[in-house]
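Listed below, chain by chain, are the residues.
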Amino acid sequence: MSTLPKSIQDREYEKFDLNDAGEVVVRTTLSGEVSGEFTPSGLRISGRVTEVVLSDTAWTALPPAPLINRNAINIQNYSGTQIKLNFDPSIATYTGVIVNDQSERNYDIKDSILIYAKAELGNPVVIIEEVS
């Protein structure tokens, strides 16, 4: 085990090295080839846009049925009212991540993880974009 230099500048310099072509590269502790399954995120298979009506009394799944093989979701709130997001629909109060009117929220998220939303007031419609 090696110790880190005390100077942050020296630590930064130690992160880099030169490859055989003389190019600056990030130093890693791996030797040899890296193997495994690498998959890009973003749109590779399909996409879907869903409009979902929310409630100010209950949590609603976004969307009600996730796109199969989803890897990203965008939640757009142009409804005229604030909404909150949560991962637990059993929360009784209006508690969660705020998505104000005229804003949106993005997650890199698989279809096995559900996101729920609740409106501050009324029954606004939000737009859900999913990509797989």
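Our subject is the structure listed above.
Residues numbered from 1 in each chain as written. Predicted model: local features only at pLDDT ≥ 70, side-chain atom pairs only at ≥ 80, totals over all residues. Heavy atoms only, no water.

### What to know about the sheet that holds strand β7 (residues 97-99)
One open sheet holds the four strands; their spatial order is β4-β9-β6-β7, and the pairing between them is antiparallel. Looking at strand neighbours, the two that pair on one side only are β4 (60-62) and β7, the edges of this open sheet. The sheet shows a mean angle of 40° between the axes of neighbouring strands, taken without regard to direction. Bridge count between strand β6 (residues 83-86) and β7: three bridges; the pairing is antiparallel. Within β7, the residue paired with L85 across the bridge is V97. (Pairing = 2+ DSSP bridges. Helix = DSSP H or I, 4+ residues; strand = E, 2+ residues; numbered from the N terminus. Axes fitted to C-alpha atoms, helices over the stretch in contact; angles between N-to-C directions.)

### Here's the deal with the packing of aromatic side chains
If you walk through the whole model with that rule in mind, you get one aromatic pair. With a centroid separation of 6.0 Å and 80° between ring planes, the pair formed by F87 and Y107 is classed as edge-to-face. Taken together, the residues span a long stretch of sequence, with F87 in the loop between β6 and β7 and Y107 in strand β8 (residues 103-107) at a distance of 20 residues. What makes Y107 buried here is its relative accessible area of 15%. (Phe/Tyr/Trp six-rings, centres within 6.5 Å; stacked < 30°, edge-to-face > 60°. Buried < 20%, exposed > 50% of the residue type's maximum accessible area, 1.4 Å probe, protein only.)

### So, the pattern of salt bridges
Counted according to the given criterion, the structure contains two salt bridges. The partner of E130 in a salt bridge is R48, and the shortest N-O contact between them spans 2.8 Å. With E130 in strand β10 (residues 125-131) and R48 in strand β3 (residues 47-53), this pair connects stretches of sequence that are 82 residues apart. Linking E130 and R70 is a salt bridge whose minimum nitrogen-to-oxygen distance equals 2.9 Å. Of this pair, E130 sits in strand β10 while R70 sits in the loop between β4 and β5 (72-77), and the two are 60 residues apart along the sequence. What makes E130 buried here is its relative accessible area of 0%. Given a relative accessible area of 2%, R70 falls into the buried group. Taken together, the salt bridges that share partners define one network made up of R48, R70 and E130. (Salt bridge = Lys/Arg side-chain N within 4 Å of Asp/Glu carboxyl O.)

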